[in-house]
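Below are the chains, spelled out letter by letter.
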Amino acid sequence: TKNFAGEYAALLTPFDQKENIDFKSLQSLVVNAIDQDLTGVYVGGSTGEAFLQSQAERRDCLESVAESSLGKLNLIAHVGSIRTKDCCELANAAKGAGYHAVSAVTPFYYGFSFDALLDHYRAIVDAADGLPMIVYNIPVLTGVALSDMQIEELLNLENVIGIKQTSIDLYQLEKIANRNPGKIVFNGFDEIFLPGQMAGAQGGIGSTYNVIGSKYKEIQKLICSGDVGRAKSVQKSANRLIDLLVLVGVIPGLKYILQQKGIIATDTVRAPFRMLDSMQKRLVDDFISSAL
Ligand code: NGF
């Protein structure tokens with residue numbers, strides 16, 4: 001079986017000024033991930049503004065990224081939504097497009113029972129037709145707080161190989177990693193990549209990897225060579241950018257930086273997200289000229 005450990009960019013979805021998907025810029029984001037020597041990309045997640053897209057758009061993005069990756073990246077398709085049938089359709093499309101794994105957020109909003117969640121994942125795994133599944137746990141956005149036991153149950157479903165754990169609860173991450181040694185845990189909050197690795201994560205998936213992916217690769221190398229002191233200082237420098245992104249808005253902030261770098265054509269985000277205003281842009285410009 002494929003080794004999924006490593007560092008993945010949660011890909012953004014570039015739009016043109018009319019908020020239509022800009023596939024040329026999407027391709028250049030994929031090339032940017034290859035150039036940063038990332039392990040792979042996580043397509044159509046929160047960072048990809050997936051919940052602001054139609055089914056057809058989500059499928060088109062999955063297909064376009066797979067074509068642009070030229071076999072150089074591990075491809076994880078995020079197919080999650082609150083409608084099981086939609087997830088299944090996308091999982092099936094991901095399989096057809098050549099993805100290596102699917103992932104799905106815990107269905108949110110209605111407060112579904114845990115048994116309903118289990119059925120939801122079983123159905124997606126079935127539709128993914130043999131592709132491994134990575135559960136996406138992001139309680140801060142879904143409001144679904146899974147217990148350690150529930151996570152273990154999800155991990156024990158057929159074809160579930162791991163979890164993307166986007167939570168600042170490193171104690172829970174440590175327990176998941178240690179109690180489920182055959183499974184892979186991806187750290188989802190970039191600002192705690194280093195502590196996440198220390199707690200047992202085998203990689204990370206995040207939005208800021210689109211811009212500073214090489215920093216996470218470097219941290220990982222430094223950990224392997226035993227140089228935690230230097231790893232800490234790389235994490236520290238990543239976190240100063242993350243502080244700023246959290247302040248101005250992560251998705252619009254990243255799009256603005258990538259547009260300034262000439263990687264994507266516009267910094268358009270989909271409403272109701274808002275682009276940075278001129279004051280926020282100035283803050284980012286000042287940071288970039290001094291640090292990036
Ligand atoms: O934006 C969030 C949610 N989390 C992302 C990432 O976990 C989302 C994280 O990179 C993701 O991978 C996806 O697209 O599905 C943060 O943006 C970053 O750590 C800054 O806080 O809050």
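Residues numbered from 1 in each chain as written. Predicted model: local features only at pLDDT ≥ 70, side-chain atom pairs only at ≥ 80, totals over all residues. Heavy atoms only, no water.

Chemist: Got a minute to help me understand the site of the ligand in this structure?
Modeler: Close to the ligand lie 20 residues, the nearest being Thr47, Lys164, Gly188, Glu191 and Ser207. The separation between an oxygen atom of the ligand and a polar main-chain atom of Ser46 is 3.0 Å. Measuring from an oxygen atom of the ligand, one finds a side-chain N or O atom of Ser207 at 2.8 Å. The protein chains hide 90% of the 500 Å² of surface that the ligand would expose on its own. More than half of the atoms belonging to the ligand lie within 2 Å of the grid points that define the largest pocket. Here the residues of the shell around the ligand are counted per class, giving 10 nonpolar, 7 polar and 3 charged. (Near = heavy atom within 4 Å. Polar contact = N/O pair within 3.5 Å; in protein donor to acceptor, adjacent residues only side chain to side chain. Areas by Shrake-Rupley, 256 points an atom, 1.4 Å probe, with all protein chains shown as cover. 1 Å grid on protein atoms, 1.4 Å probe; cavity = no way out; pocket = protein on both sides within 12 Å on 5 of 7 lines; lining within 4 Å. Sits in = over half its atoms within 2 Å of the grid points. Nonpolar A, V, L, I, M, F, W, Y, C, P; charged D, E, K, R; others polar.)

Chemist: Before we go on, may I ask you to explain the packing of helix α9 (residues 209-224) against helix α10 (residues 228-248) in this structure?
Modeler: Angle between the axes and distance between the axes are the two parameters that describe a pair of packed helices. Where α9 meets α10, the closest approach of the two axes is 8 Å, and the angle between their N-to-C directions is 160°. By the angle class used here, α9 and α10 are roughly antiparallel. Helix-helix and strand crossings are classified by hand; for α9 and α10 the assignment is left-handed. Contacts between α9 and α10 pair Val211, Ile212, Lys215, Tyr216, Glu218, Ile219, Leu222 and Ile223 from the former with Val228, Arg230, Ala231, Val234, Gln235, Ser237, Ala238, Leu241 and Ile242 from the latter. Residue composition of the contact of α9 with α10, grouped by class: 12 nonpolar, 2 polar and 3 charged. (Axes fitted to C-alpha atoms, helices over the stretch in contact; angles between N-to-C directions. Helix = DSSP H or I, 4+ residues; strand = E, 2+ residues; numbered from the N terminus. Parallel < 35°, antiparallel > 145°, perpendicular 65-115°, else oblique. Left-handed = near helix turned anticlockwise from the far one by under 90°. Contact = heavy atoms within 4.5 Å.)

Chemist: Looking at this model, I keep getting lost on the packing of helix α4 (residues 114-127) against helix α6 (residues 148-155). Mind explaining?
Modeler: Contact geometry for α4 and α6: axes closest at 10 Å, N-to-C directions at 25°. The angle between α4 and α6 places the two elements in the roughly parallel class. For the element pair α4 and α6, the recorded crossing hand is right-handed. Residues Phe114, Leu118 and Tyr121 of α4 form the contact with α6, whose participating residues are Gln150, Glu153 and Leu154.

Chemist: Looking at this structure, how should I read the pairing of strand β8 (residues 203-206)?
Modeler: A regular strand places its side chains on the two faces of the sheet in alternate fashion. Every second residue of β8 is oriented toward a common face, with Gly203 and Ile205 on one face and Gly204 and Gly206 on the other, all of them buried. In terms of strand pairing, strand β1 (residues 6-10) meets β8 through 4 bridges, oriented parallel. In the strand pairing of β8, Ala9 is matched with Gly206. (Buried < 20%, exposed > 50% of the residue type's maximum accessible area, 1.4 Å probe, protein only. Pairing = 2+ DSSP bridges.)

Nothing here speaks to function; it is geometry throughout.
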